[in-house]
Amino acid sequence: MKLPILLIALVAMVAAKSAPGRMAARYDHFRIYQLTIETNLQMEELKKIHEHISVHFLNELGAVGNKYNVIVGPLFHRALEKTLKFLEIVYEVIVDDLQKLIDESSVGDDSQMEWETYHTLDTIYDWIDQECAAHDFLECKVIGQSYEGRDIKSIRLSKRSGNKAIFLEGNIHAMEWISSATVTFLLNQLINSEDPEMQRLSEEYDWIVVPMVNPDGFVYTHEVERLWRKNRRPNGYRNESGDCYGIDMNRNFDYHWGGAGWNIDEPCDHWFGGEKPNTEVEIISLQNFVSSFEDGYIRSYMAYHAYGQYVLLPYGHSNTEFPPNYEQMKRIAAAFSDAAADVYGSTFTYGASGLLNYVVSGAAKDWAYGVKKIPFTCTVELRDKGTFGFFLPSNQITEVGLEVTAGLKALVNKAAEEGIFD
């Protein structure tokens, strides 16, 4: 995810009771500032802002010439604004109270699965179990357990033998709730939609779905810290606040691992890629599951993330090296972008992630392409472009699902035209 950068002033955090024995972080009166970084000097000073304001970077710093969103607690509003004015950084307050925005994207009626609100892990998994019991064309497996012992569930939809497969991955980053909401929306369309085109796609292709790669982190975002990104394994390091937890699992795949990325070597930051690749049980389980299928069966791998509205193609580790079939991949991504925009006007930019987004190593899509030789892989960064970001209100879930469904139809049809499934 390229934009924005979120900075969290930790000392202004207030806590409220959320679950037995746990305290949920609150962000009452935290503001989101949108900064326009125009010079290298401004970028260098932004990187050092934690030296005089207690902050926590949650997203990678990108290039000069972009807008970045920053979250700052009420104790530091004045200090931040004074610093920005001194540095001649143009800024705008786009959210005056982050907690209100978080509340708008919180879990509503969690009694049954639907796509008008976000849901807990239990409700998502109950729905998967119900669908698996109701349809004999679904094969459902637990592909492994997380560090804290939660199941990682998979669903394989296959209505006829001989099909090639499309793989959908969700919620590798805990805080990106719209990811699993969208992946389950797509799965529901494939299972239950009466739309003839969706029915055709469910007949002519097999679909393999892992909607929740990071169940521990996801539960943690519901019960303790809405802004958590990584998994929850203690990584063996400490800082002044205590033990450091988690690995950014989309930096832990063994393909050009560790070559590039903002703070991937900082154990207590949210992008820590691990001391070596393939250290996380969740990632090993996912890789083993993908590798359990015959070579050549899975022809497309799509990972769903938030946010920015991108279709990001390999490679992430370089902005000068591109896949041999990069032009073909761009044509396929363009089909998604055009069709998605037709629904509500949401524009999706497409191209190599190292070129469009930022250079970073160890991502799932690059492993799927570079190691497993799957000919079309991508990361789909969902809504929006920064106004709500990770806290997309729940009243947009269905709209996101519909525009992505339209994009997915066009993508698969274009991929077929391009010979991806041959």
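Analysis parameters
- Residues numbered from 1 in each chain as written.
- Predicted model: local features only at pLDDT ≥ 70, side-chain atom pairs only at ≥ 80, totals over all residues.
- Heavy atoms only, no water.
- UniProt positions renumbered as here; feature names shortened; annotations may be inferred.
- Axes fitted to C-alpha atoms, helices over the stretch in contact; angles between N-to-C directions.
- Helix = DSSP H or I, 4+ residues; strand = E, 2+ residues; numbered from the N terminus.
- Parallel < 35°, antiparallel > 145°, perpendicular 65-115°, else oblique.
- Left-handed = near helix turned anticlockwise from the far one by under 90°.
- Contact = heavy atoms within 4.5 Å.
- Nonpolar A, V, L, I, M, F, W, Y, C, P; charged D, E, K, R; others polar.
- Pairing = 2+ DSSP bridges.
- Buried < 20%, exposed > 50% of the residue type's maximum accessible area, 1.4 Å probe, protein only.
- Core = buried A, V, L, I, M, F, W, Y, C linked by side-chain atoms within 4.5 Å.
- Domains from an automatic or database assignment.
- Buried area = accessible area lost by both parts, 1.4 Å probe.
- Salt bridge = Lys/Arg side-chain N within 4 Å of Asp/Glu carboxyl O.
- Polar contact = N/O pair within 3.5 Å; in protein donor to acceptor, adjacent residues only side chain to side chain.
- Arc of directions from axis to C-beta.

Looking up the protein in an unreviewed UniProt entry gives the name Zinc carboxypeptidase, with the organism given as Drosophila mauritiana. In the Function (unreviewed entry) part of its UniProt record, the protein is described as follows: "Involved in the digestion of the blood meal." The record in UniProt for the protein states the following under Cofactor (unreviewed entry): "Zn(2+)".

With that settled, the discussion passes to the packing of helix H5 (residues 177-192) against helix H12 (residues 397-417). Two elements in contact, H5 and H12, have axes whose closest approach is 9 Å; the angle formed by their N-to-C orientations is 60°. Our classification of the angle between H5 and H12 gives oblique. Here H5 runs over H12; the crossing is right-handed. Where H5 abuts H12, its residues Ile 178, Ala 181, Thr 182, Phe 185, Leu 186 and Gln 189 lie against Ile 397, Thr 398, Val 400, Gly 401, Leu 402, Val 404, Thr 405 and Leu 408. Looking at the contact of H5 with H12, its residues break down into 9 nonpolar, 5 polar and no charged.

Let's shift gears to the sheet that holds strand S4 (residues 67-72). Where strands meet in a sheet, backbone hydrogen bonds hold them as pairs that are either parallel or antiparallel. Reading across from one edge, S4-S3-S5 is the order of the 3 strands in this open sheet, with antiparallel pairing throughout. Whereas interior strands pair on both sides, the edge strands pair on one side only; in this sheet they are S4 and strand S5 (90-95). Averaged over all adjacent pairs, the angle separating strand axes in this sheet is 30°, with direction ignored. Alignment of strand S3 (residues 31-36) against S5, held across 5 bridges, turns out to be antiparallel. Counterpart to Gln 34 in the pairing with S5 is Glu 92. Those strands touched by helix H2 (residues 77-86) are S3, S4 and S5, and its axis lies near 5° from that of S3.

This part covers the pairing of S3. Of all 6 residues in S3, 5 are buried; the element is thus mostly enclosed. In the sheet, S3 pairs with S4 via 6 bridges, with the strands oriented antiparallel. Bridged to Arg 31 within S4 is Val 72.

Moving on to the nonpolar core. Among the nonpolar cores identified, the biggest contains 99 residues, and Trp 207 and Tyr 304 are the most heavily contacted of them. By residue number, the principal contributor to this core is H5, which donates 9 residues. Each of domain 1 (31-104) and domain 2 (109-219 + 276-418) accounts for three or more of the residues forming this core. Ignoring sequence-local partners within four residues, the contact set of Trp 207 consists of Ile 155, Arg 156, Leu 157, Ile 166, Leu 168, Leu 190, Leu 201, Ser 202, Leu 408 and Val 412.

Backbone geometry follows two general trends: most residues other than glycine have a negative phi, and most peptide bonds adopt the trans configuration. The peptide bond linking Ala 306 to Tyr 307 adopts the cis configuration, its omega dihedral lying at 5°. Inspection of the secondary structure assignment puts Tyr 307 in the loop between strand S12 (298-306) and strand S13 (310-313). The phi dihedral of Glu 88 falls on the positive side, at around 60°, and the residue is not glycine. Looking at the element boundaries, Glu 88 is found in the loop between H2 and S5. Judged by its relative accessible area of 63%, Glu 88 falls in the exposed class. Phi is positive for Gln 309, which is not a glycine, with a value near 60°.

Within the secondary structure, Thr 182 sits in helix H5. Each residue touching Thr 182, except ones within four places of it in the same chain, is listed here: Tyr 304, Leu 382, Val 400 and Val 404.

For the protein, the assigned domains read domain 1 (31-104) and domain 2 (109-219 + 276-418). When each unit is reduced to the centre of its C-alpha atoms, the spacing between domain 1 and domain 2 is 31 Å. Contacts between the two partners involve 10 residues from domain 1 and, on the opposite side, 8 residues from domain 2. With both sides pooled, the region where domain 1 packs onto domain 2 buries about 810 Å², and carbon together with sulfur makes up 63% of that total. At the boundary of domain 1 with domain 2, the tally comes to 0 salt bridges. For the interface between domain 1 and domain 2, the tally reads 2 residue pairs in polar contact (both at pLDDT 80 or more). Of all the elements in the fold, those that place two or more residues in the side of domain 1 that touches domain 2 are S4, S5 and helix H3 (98-104).

With that settled, consider helix H1 (residues 40-47). Of the residues making up H1, those classed as buried are Gln 42, Met 43 and Leu 46. Burial along H1 is one-sided: seen end-on, the buried residues are contained in an arc of 100°. Residues of H1 that are exposed and point more than 90 degrees away from the buried face comprise Asn 40 and Leu 41.

Taken together, 8 strands build an open sheet; the order of strands is S6-S7-S9-S8-S12-S15-S13-S14 and the sheet is mixed. Taken across any chain shown, the strands that pair with only one partner, and hence form the sheet edges, are strand S6 (138-145) and strand S14 (349-352). Strand-to-strand twist across the sheet, computed as the mean angle between neighbouring axes with direction ignored, equals 20°. Bridge analysis of strand S7 (residues 151-157) against strand S9 (residues 206-210) gives 3 bridges, and the strand direction is antiparallel. By the bridge assignment for S9, Leu 157 is matched with Trp 207. H12 contacts strand S8 (165-170), S9, S12 and strand S15 (376-382) of the sheet and is inclined by roughly 155° relative to S12.

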